[in-house]
Amino acid sequence: VITRPEMEIGRYHWMYRSSRPHRYHHVPALRGNISPLGIQGCFECCIKCLGGVPYASLVATILCFSGVALFCGCGHVALTGTVSILEQHFSTTASDHALLSEVIQLMQYVIYGIASFFFLYGIILLAEGFYTTSAVKELHGEFKTTACGRCISGMFVFLTYVLGVAWLGVFGFSAVPVFMFYNIWSTCEVIKFLQTNVTVPGDQICVDIRQYGIIPWNAVPGKACGPILENICNTNEFYMSYHLFIVACAGAGATVIALIHFLMILSSNWAYLKDASKMQAYQDIKAKEEQELQDIQSRSKEQLNSYT
């Protein structure tokens, strides 16, 4: 008895006798999470994406953002507190510290500009790190580094070097108010110690702000002595301004470290791009020679066939 499937097979061969028999090809075993269509799974995609992340540039960017944020935020508030302390205790006449107030206001505007510039510059350097990482990892693929890309990387190296030197100056400048507030605070500690030991009065111990050059010598009163100076040290403005200047100085130091880190990364990336360009030139020459060799072989075969 002929079954229905056998009848269908016979009908197929009767209708398509001229067709070739179907050949079954071996399908390789799938590895991991790769689908039969050749699409990578989620795990492989995540590993590939994580492998292309420039971790060194990411760490430097986070450190740069943190340092600039600390310097700009704490420095802005500390400058405001410093003006308040001067107006209340060391320079009661507005005309005496008018120039200082204008300078501090200008510095606050500069702080706004620094924060905006470094936010944009850090993002650009991070993007350049992604670009260079892709160039290195896809060196043997279709990715091509251009002379413009190498020139931009060199420009970033020079600009980061200049900014690093400038921030060394900012770091040194931010240490000046810390030194001034530390002198005032240490003087207040001496007054407290003398009040505990009643053998020596502390009324003759003073701090003259005019000697630092931030207010003129004709400013009134210009100095604070004894209990008045101790009360100044106990105010919230002095306490907050002193500690905020310390944090701002630390933020400037962190920014210097981040720029040095960026400088090392950009220098190594520029060297990688330079080597990549040489490798690409070698591969182009090699591909051209192979193409010429294939053309010669094909022409020789054509001539041989024509002779035969």
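Being a predicted model, the structure only gives us computed values, none of them experimental.

(A) Representation of the state of the cysteines. On inspection of all chains with the given rule, the structure shows 2 disulfides. Across a sulfur-sulfur distance of 1.7 Å, Cys188 and Cys233 are joined as a disulfide pair. Linking Cys188 and Cys233, the disulfide has an S-S dihedral of approximately 60° and is accordingly described as right-handed. Residue Cys188 is found in helix 5 (residues 147-196), and its partner Cys233 is found in helix 6 (residues 226-233); the two are separated by 45 residues along the sequence.

(B) Representation of empty space enclosed by the protein within the structure. Applying the stated criterion across every chain yields a total of 1 cavity of 30 Å³ or more. Taken as a whole, the largest cavity holds about 90 Å³ of empty space. Elements that contribute at least two residues to the lining of the largest cavity include exactly helix 3 (55-90) and helix 5. Here the element with the most residues in the lining of the largest cavity is helix 3; it accounts for 4 residues.

(C) A look at the packing of aromatic side chains. The full count for this structure, using the stated rule, is 14 aromatic pairs. Ring geometry for Phe117 and Phe118: centres 5.4 Å apart, planes at 90°, overall edge-to-face. Judged by relative accessible area, Phe117 falls into the partly exposed class, the value being 39%. Overall, Phe118 belongs to the buried group, its relative accessible area being 4%. A centroid spacing of 5.6 Å and a plane angle of 10° characterise the contact between Phe117 and Tyr121, whose relative ring orientation is stacked. With Phe117 and Tyr121 both in helix 4 (residues 98-137), this residue pair falls 4 residues apart, about one helical turn. Taken together through their ring pairs, the aromatic side chains of Phe71, Phe117, Phe118, Tyr121, Phe156 and Trp167 make up a single cluster.

(D) Expanded view of the side chain of Ser174. Secondary-structure assignment places Ser174 in helix 5. Within the local environment of Ser174, its side chain forms a polar contact with the backbone oxygen of Phe171, the two atoms lying 2.8 Å apart. Aside from chain neighbours lying at most four places away, what touches Ser174 is Phe71, Cys249 and Ala252.

(E) Quick look at the layout of surface pockets. As a volume, the largest pocket reaches approximately 550 Å³. If you go around the largest pocket, you meet 23 residues; those closest to its centre are Leu79, Met107, Phe173, Pro177 and Phe245. Elements with a contribution of two residues or more to the lining of the largest pocket: helix 3, helix 4, helix 5 and helix 7 (236-307).

(F) Local environment of a nonpolar patch on the surface. On the surface, a nonpolar cluster with roughly 410 Å² of combined accessible area is contributed by Phe158, Tyr161, Val162 and Val165. Among the secondary structure elements, Val162 is positioned in helix 5.

(G) Expanded view of the UniProt feature "transmembrane region" (unreviewed entry) in the chain. According to UniProt, the "transmembrane region" (unreviewed entry) feature falls on residues 58-86, 106-131, 152-176 and 244-266. Secondary structure within residues 152-176 divides into 100% helix and 0% strand; the distance between the first and last C-alpha atoms comes to 36 Å.

(H) Structural detail: the pattern of salt bridges. This model, assessed by the stated rule, comprises 2 salt bridges. Across the pair Glu189 and Lys192 runs a salt bridge whose closest N-O atoms are separated by 3.9 Å. One end of the pair is Glu189 and the other is Lys192, both in helix 5 and 3 residues apart, which spans about a single turn. Across the salt bridge formed by Arg210 and Asp208, the nearest N and O atoms sit 3.0 Å from each other. For Arg210, a relative accessible area of 15% gives the class buried. Since its relative accessible area comes to 17%, Asp208 is described here as buried.

Rules used in this analysis
- Numbers given for residues are sequential positions, taken from 1 along each chain in its written order.
- Under the rules for a predicted model, residues below a pLDDT of 70 receive no local features and side-chain atom pairs below 80 are neither given nor counted, while totals for whole chains, interfaces and linings still include all residues.
- Water and hydrogen atoms play no part in the side-chain values, which are based on all heavy atoms of the structure.
- The definition used for a disulfide is geometric: two cysteine sulfur atoms within 2.5 Å.
- A run of H or I in DSSP becomes a helix once it reaches four residues, and a run of E becomes a strand once it reaches two; helices and strands are each numbered from the N terminus.
- In this analysis a 1.4 Å probe is tested at points of a 1 Å grid over the protein atoms alone, and where it fits but cannot get out there is a cavity; an open set with protein on both sides within 12 Å along at least five of seven lines is a pocket; lining residues have an atom within 4 Å of a point.
- Grid points are joined across faces, edges and corners, and a volume is the space filled by probe spheres set on the points.
- Geometry of aromatic contacts follows a simple scheme: Phe, Tyr and Trp rings, the Trp one being its six-membered ring, pair when their centres are within 6.5 Å, and the pair is stacked under 30 degrees between planes, edge-to-face over 60, tilted otherwise.
- Remark: exposure states derive from per-residue accessible area (1.4 Å probe, protein chains only) relative to the maximum for the residue type, with buried under 20%, exposed over 50%, and partly exposed in between.
- Any pair of nitrogen or oxygen atoms within 3.5 Å is treated as a polar contact; in protein, a donor-acceptor pairing is required on top of that, and neighbouring residues in sequence qualify only through side-chain atoms on both sides.
- Whether two residues touch is decided by their heavy atoms; if any such pair falls within 4.5 Å, the residues are in contact.
- Exposure above 30% relative accessible area and the absence of a salt bridge qualify a residue for a patch, where like charges join within 9 Å and nonpolar side chains (Val, Leu, Ile, Met, Phe, Trp, Tyr) within 5 Å.
- Accessible surface area values rest on a Shrake-Rupley calculation with a 1.4 Å probe, where residue burial reflects the displayed protein chains alone.
- A carboxyl oxygen of Asp or Glu within 4 Å of a side-chain nitrogen of Lys or Arg is what we treat as a salt bridge.
- UniProt positions are given in the numbering used here, feature names are shortened, and annotations may be inferred rather than shown by experiment.

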